[in-house]
Structures are given as C-alpha cells and as structure tokens.
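An overview of the molecular structure
The primary structure of each chain is shown beneath.
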Amino acid sequence: MASRLTESLHSSTGWLDGYPAVAVAIGALCVSASSVLIDLARTTPGTASFYRCVLALPFLVPMALAERRRKGVPARGEHVVAAVAGALFAGDMLLWTQAIAEVGAGLSTVLVNVQVILVPLLALTIDREKVSRRFVLVLPVVVAGVVLTGGLFGGSQGGDPLWGTIHAVLAAVCYSGFLFLLRRSGHEGRAVQSYLEVTVWAAVVSLAAGAAWQGVEWAPGWATVGWLAGVAVFGQVLGWLLVAVWSPRLPSYLGAILLLLTPVGSVALGALVLGERPAMPQLAGCVLILAGACVVGVRAPKA
C-alpha cells in the first residue's frame, strides 16, 4: 500500500514543478485536516505527535530511497539542520495538540500562524532575503484576518482560552523555526531525505518530551490509531511533504502567506466535522486571509 501511494504521489505531482505556489497551497490545505483528526483522536499530545510521525515513515522511506538513488546522500550540515528542525517540529506538535483541546481546532491553528510574520523576519535577518513591498502593504490586512478568524471577536471554542493561547503562541515560535529550517534543508535538492530525517527526529523528541508531559500511550486503541493514521497521511505525507519539496522554490514571505490556508481549512473542517460554528467575524477573517494570499501570490518572484 505504501509503495503504491508513493508511486501515485510522485506521478501525479510532476505537473506541479512549474507551479510551486499551487503545490504549497495544496499542502497547506492537506495539513488543515490535522487539527480536526487530532481532536477526534482524543489522546495526549505526546501520543498524537509520536504516532503521526511513526505512521508516516512507511510512506516516506521509499520516496527518500528513490531520491537518494537519483541525487545522492545529504551533506553533514544538512543532517544537523534536519535534527534541529525535527526538534522544533516536535515542540510545535506537542504544544499545538494541547492547544486544540483548550481553544478549539480552528482557533489553535490560527494562533500558530503568527509564522506569517516570524518566518519572513527570520529570512530577512539571517539570509538577508528581501520582502516585497506588496507583502508589507498586505501584511496588516492578513494579520487582521488572522485575529478575526481566531475568534477574538466571537466564535472561539475550547475550555481554557488563556492557556490555550499561551500554548499556541509558543507553538508558533517552534513552528516558525521549523518552517525556516525546512526551506533551507530543501535548497540542496534532497528535500524528501531531509524531511524524512526531520520526521524521525520529531518522533524521537515527541516520545521523550511527551513521556515527561502527560505521558505517551503505547496502545491508545484502534480508533485513536486510525485517526492518527489519517493525520500521518494527510498532514505528514501529503501536506508537509508538498511544503518541504516546493517551498524552497518560493520567497519565504509567499510561502508564509500560502500556509495561512491551513487555518482557513481548519475553520471550515471544524465547522463541518466537529460542529464548531464560526461567527461572522471569523468568516470575514477567512476572506481577508484568502484575499491576502491571492494578492501576494500574483506575479510573485521566484526564490
């Protein structure tokens, strides 16, 4: 099954080579299903984070081996970047999973997307990558959309909004560092191998940190494993792999904007599956985010 999926994924995404923004947008929408599936899994952050990584490995390993035959082995420096990115990814997953139960699937996903500001700032500070004037002009509109979509003016879900917000903001810091390093690891043309290493390190750190924080269930039940398998396929394999492969071909600010499609998708799926009814301000925020992504994406220069 894993080999058939990997072959299908490889053959069906070849046309995306000329459309990296479309690939990242599709990846972001696939990732948006993760929050809803994790909410349905009803398990601890450590269990969810560990299993979603481990269950993705049977799909990622064959693709990484195929890439290794074509493009060789990553350099030593790439291994270090992948290890740090994996640790940050684990921190993001653990904190974000906790926030889902505290503020709701939609709002938690929106809050972690402070990355729309942090990732371009990291690229500007470290890589001296310039941001476009269009991004600077659109950014206040997008931030307003994030605030509205987050339910600060009605529509928020969950039972502990204060700690949920704290956990989500801390997750956003880890998330931003992960995205920044994920882009860097893909610049050498071995994105799948690097992403496989990121996933392995994320599983290891999730197991260690999760065991110390609320524990890890070794046998969480078939229902929970089934939901987490959905997270692995849609989030880890389809979603983040698309982002890992194609985001290095885009300016960092454009990739950050396109990833805002994730909270929009989460709000929609949260309403359809979990009964989280978005208020009118949240719907307006989704419109602003989508509009900002379209405006920045039009005629964006290639990285």
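Remember, it's a predicted structure, so these values are computed and weren't measured experimentally.

Comments concerning the overall build of the chain
When its secondary structure is counted, the chain shows 15 helices and 0 strands. The buried share of the chain, taken over its 303 residues, is 54%. Put simply, the chain shows about 12900 Å² of open surface, and 69% of that area lies on carbon and sulfur atoms.

As for the packing of helix H5 (residues 57-71) against helix H11 (residues 191-212)
Taken N-terminus to C-terminus, the directions of H5 and H11 make an angle of 145°; their axes are 8 Å apart at the nearest point. Remark: the crossing between H5 and H11 carries left-handed chirality. Here Leu57, Leu60, Val61, Met63, Ala64, Glu67 and Arg68 of H5 come into contact with H11, specifically with Ala191, Val192, Gln193, Tyr195, Leu196, Thr199 and Val200. Grouping the amino acids of the contact of H5 with H11 by side-chain chemistry returns 10 nonpolar, 2 polar and 2 charged.

Overview of the environment of Ala191
Its place among the elements puts Ala191 in helix H11. Its relative accessible area of 7% is what places Ala191 among the buried residues. Residues Ala191 and Val245, spaced 54 residues apart in sequence, show a C-alpha to C-alpha distance of 5.3 Å.

A closer look at helix H12 (residues 222-246)
Its 25 residues place the ends of H12 34 Å apart at the C-alpha level, agreeing with the 36 Å of an ideal helix rising 1.5 Å per residue. Approximately 30° is the largest bend angle found in H12, and it occurs at Trp240. With 18 of 25 residues buried, H12 is to be regarded as a mostly interior element.

Re the confidence of the model for the chain
With 83% of its residues at a pLDDT of 70 or more, the chain has an overall mean of 80. When pLDDT is averaged over each element of the chain, helix H4 (residues 45-54) comes out on top at 92 and helix H1 (residues 2-12) at the bottom at 50.

A word on unusual backbone geometry
Backbone geometry places Arg42, a non-glycine residue, at a positive phi of 55°. For Arg42, the location among the structural elements is in the loop between helix H3 (33-41) and H4. The backbone of Gln214 sits at a positive phi, close to 75°, despite the residue not being glycine. Relative to the assigned elements, Gln214 resides in the loop between H11 and H12. Residue classification places Gln214 among the partly exposed positions, given a relative accessible area of 44%.

Remarks on the nonpolar core
Proteins that are soluble and globular tend to have nonpolar side chains buried together. Core analysis: the largest hydrophobic core is formed by 79 residues, its most contacted members being Leu60, Phe178 and Trp240. Residues contacting Phe178, with those up to four places away along its chain left out, are Ala85, Leu88, Phe89, Val198 and Trp240.

Digging into the environment of Ile166
Relative to the elements of secondary structure, Ile166 occurs in helix H10 (residues 161-185). A sequence separation of 67 residues divides Ile166 from Ala99, and the C-alpha atoms of the two residues are 8.2 Å apart.

Some words on the packing of aromatic side chains
One pass over the full model with this rule turns up 6 aromatic pairs. Look at Phe50 and Tyr51: their rings are 5.6 Å apart centre to centre, the planes differ by 80°, and that puts the pair in the edge-to-face class. Using a relative accessible area of 13% as the deciding quantity, one classes Phe50 as buried. Here the aromatic rings of Phe178 and Trp240 are separated by 5.3 Å at their centres, their planes lie at 80°, and the arrangement is edge-to-face. Remark: Trp240 occurs in helix H12 and Phe178 occurs in helix H10; sequence separation between them is 62 residues. Ring pairing ties together the aromatic residues Phe89, Tyr175, Phe178 and Trp240, which thus form one cluster.

Structural notes on a nonpolar patch on the surface
Where nonpolar side chains cluster on the molecular surface, the patch consists of Leu162, Trp163, Ile166 and Leu170 and spans about 400 Å² of accessible area. Secondary-structure assignment places Leu170 in helix H10.

Digging into H4
Where burial is concerned, most of H4 is hidden: 9 out of the 10 residues are buried. Check the buried side of H4 and you find it contacts H3, H5, helix H6 (76-103), H11 and H12.

A look at the side chain of Thr224
Along the chain, Thr224 falls in helix H12. A relative accessible area of 9% means that Thr224 is categorised as buried. Excluding its chain neighbours within four sequence positions, the residues that come into contact with Thr224 are Ala41 and Thr43.

Topic: the environment of Met280
Take Met280: it is sitting in helix H15 (residues 280-297). Along the chain, Met280 and Leu148 lie 132 residues apart, while their C-alpha atoms are 9.1 Å from each other.

Brief notes about the packing of helix H2 (residues 20-31) against H3
It is at 5 Å that the axes of H2 and H3 come closest, and there the two elements cross at 15°. On the basis of their axis angle, the class for H2 and H3 is roughly parallel. Every residue of H3 that contacts H2 at Leu29, Cys30 and Val31 is listed here: Ala33, Ser34 and Ser35. Counted by class, the contact of H2 with H3 contains 4 nonpolar, 2 polar and no charged residues.

Cut-offs and rules
- Residues numbered from 1 in each chain as written.
- Predicted model: local features only at pLDDT ≥ 70, side-chain atom pairs only at ≥ 80, totals over all residues.
- Heavy atoms only, no water.
- Helix = DSSP H or I, 4+ residues; strand = E, 2+ residues; numbered from the N terminus.
- Buried < 20%, exposed > 50% of the residue type's maximum accessible area, 1.4 Å probe, protein only.
- Areas by Shrake-Rupley, 256 points an atom, 1.4 Å probe, with all protein chains shown as cover.
- Axes fitted to C-alpha atoms, helices over the stretch in contact; angles between N-to-C directions.
- Left-handed = near helix turned anticlockwise from the far one by under 90°.
- Contact = heavy atoms within 4.5 Å.
- Nonpolar A, V, L, I, M, F, W, Y, C, P; charged D, E, K, R; others polar.
- Expected span 1.5 Å × (residues − 1).
- Bend = angle between axes of the 7 residues up to and from the residue.
- pLDDT = per-residue confidence, 0-100.
- Core = buried A, V, L, I, M, F, W, Y, C linked by side-chain atoms within 4.5 Å.
- Phe/Tyr/Trp six-rings, centres within 6.5 Å; stacked < 30°, edge-to-face > 60°.
- Patch = residues over 30% accessible without salt bridge, like charges linked within 9 Å, V, L, I, M, F, W, Y side chains within 5 Å.
- Salt bridge = Lys/Arg side-chain N within 4 Å of Asp/Glu carboxyl O.
- Parallel < 35°, antiparallel > 145°, perpendicular 65-115°, else oblique.

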